Amino acid sequence: MSFSFADVGAVRKGLADVQYLADEGITGVVYLAERLQKPVLVEGPAGTGKTQLAKSVAEAIGARLIRLQCYEGLDESKALYEWNYKRQLLRIQAERQSNDAESDGMWQHIEDDLFSEDFLLTRPLLEAIRSQDPVVLLIDEVDRVEVETEALLLEILSDYQVSIPELGTVSASQIPLVFLTSNNTRELSEALKRRCLFLYIDYPNLEREKQIVLAKVPGVGDSLADQVARIVRLVRQMDLKKAPSVSETLDWARTLVLLGVEHIGAETASETVNILLKYRSDIDKALKEFASCEEDFEVASSS
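Before going into details, it helps to say that this report is about the structure given with it. From a predicted model like this one, the values you see are computed outputs, not experimental measurements.

Here we come to helix α10 (residues 206-216). For α10, every residue scored as buried is listed here: L206, R208, E209, K210, I212 and V213. On the buried face of α10, the contacting elements are α2 (24-36), α11 (222-236) and α12 (246-258).

Okay, here's the thing in structure tokens:
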């Protein structure tokens, strides 16, 4: 890993340049992760910018982003490497048709050839280890994998090397900057947590969410961005099954801009609430709240 950020301020500026508005906690952990060459475990509600952080860091330092999307049933062959069995079979069939493949020595040569680089299919983890260029490795939603796969990740993140029985040990020529994201759907092992710096990304405060809207939504004015941030904050205070994420805040702001809305009243919020909320029970609850607190909306919209 080549150092790209001179200090914490450089991290903040680099991320701001690629339109990721980071607070002090985020910038500090990113700086330490690069300097200490340690992975970062990023937890928090869905849609708060965990995945985008890794993407933005890669863009800011000009590194290649390699992403491993985790899911239940993910195994070594999809995460690390596997052999191209179809190509190996074709190679064997081709040799069988050749008179030169009669001897035992020739078959030994074929067997050695079958487990060479030409037949190796690299997956994200091995690809990140072998890369000669700067890499940001994103292991997304790590809490979705089984304990056995988590142990595989632990081994790789401890030594940054991979053992391939047929080829030997592959060690990283440079340590990738690693981000693991989790929605905390299950408890991760203490061993994995111990090897990582921890970062919790919550919903942004009012001013930061406003700035995110201004940075990410073309055509939105300061007043509308402020109204969006304030009303989303009111909605998040309701007892909902799923509070609106930052990405849903941005979708709502884009919708309002497209509709030419400059002032958000209770009626406008009710008509577009399906952009913010995705569960029928939450929408019904929000509609009832909107109808009963129109004065609060006026205050939020005029602040």
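From this point on, the discussion continues.
It is worth spelling out unusual backbone geometry at this point. Despite not being glycine, Q37 has its phi angle at roughly 55°, a positive value. Positionally, Q37 belongs in the loop between α2 and β1 (40-43). Judged by relative accessible area, Q37 falls into the partly exposed class, the value being 33%. Its identity is not glycine, yet E141 carries a phi of approximately 60°, on the positive side. Mapped onto the elements, E141 comes out in the loop between β5 (135-140) and α8 (147-159). The class for E141 is buried, based on a relative accessible area of 18%.

Before going further, it helps to spend a moment on the pairing of β1. Side chains V40 and V42 of β1 all project onto a buried face; the interleaved residues L41 and E43 project onto the opposite face, where all are buried too. In the sheet, β1 pairs with strand β8 (residues 177-182) via 4 bridges, with the strands oriented parallel. Bridging across to β8, E43 finds its partner in S182. Inspection of the sheet shows β1 paired to strand β9 (residues 197-200) by 4 bridges, in the parallel sense. Across the sheet, residue E43 finds its bridge partner in β9, namely Y200.

Let us look at the pattern of salt bridges. On inspection of all chains with the given rule, the structure shows 17 salt bridges. In this structure, D284 and R280 form a salt bridge, with 3.1 Å as the shortest nitrogen-oxygen distance. Pair noted here: D284 and R280 are both in helix α14 (residues 280-292), with a separation of 4 residues, about one helical turn. Looking at D284, the relative accessible area reads 35%, which means it is partly exposed. Among the residues examined, R280 registers a relative accessible area of 60% and is labelled exposed. Here the residues in one salt-bridge network are K210, D222, D226 and R230, joined through shared partners.

The rules behind the values
- Residues numbered from 1 in each chain as written.
- Predicted model: local features only at pLDDT ≥ 70, side-chain atom pairs only at ≥ 80, totals over all residues.
- Heavy atoms only, no water.
- Buried < 20%, exposed > 50% of the residue type's maximum accessible area, 1.4 Å probe, protein only.
- Helix = DSSP H or I, 4+ residues; strand = E, 2+ residues; numbered from the N terminus.
- Contact = heavy atoms within 4.5 Å.
- Pairing = 2+ DSSP bridges.
- Salt bridge = Lys/Arg side-chain N within 4 Å of Asp/Glu carboxyl O.

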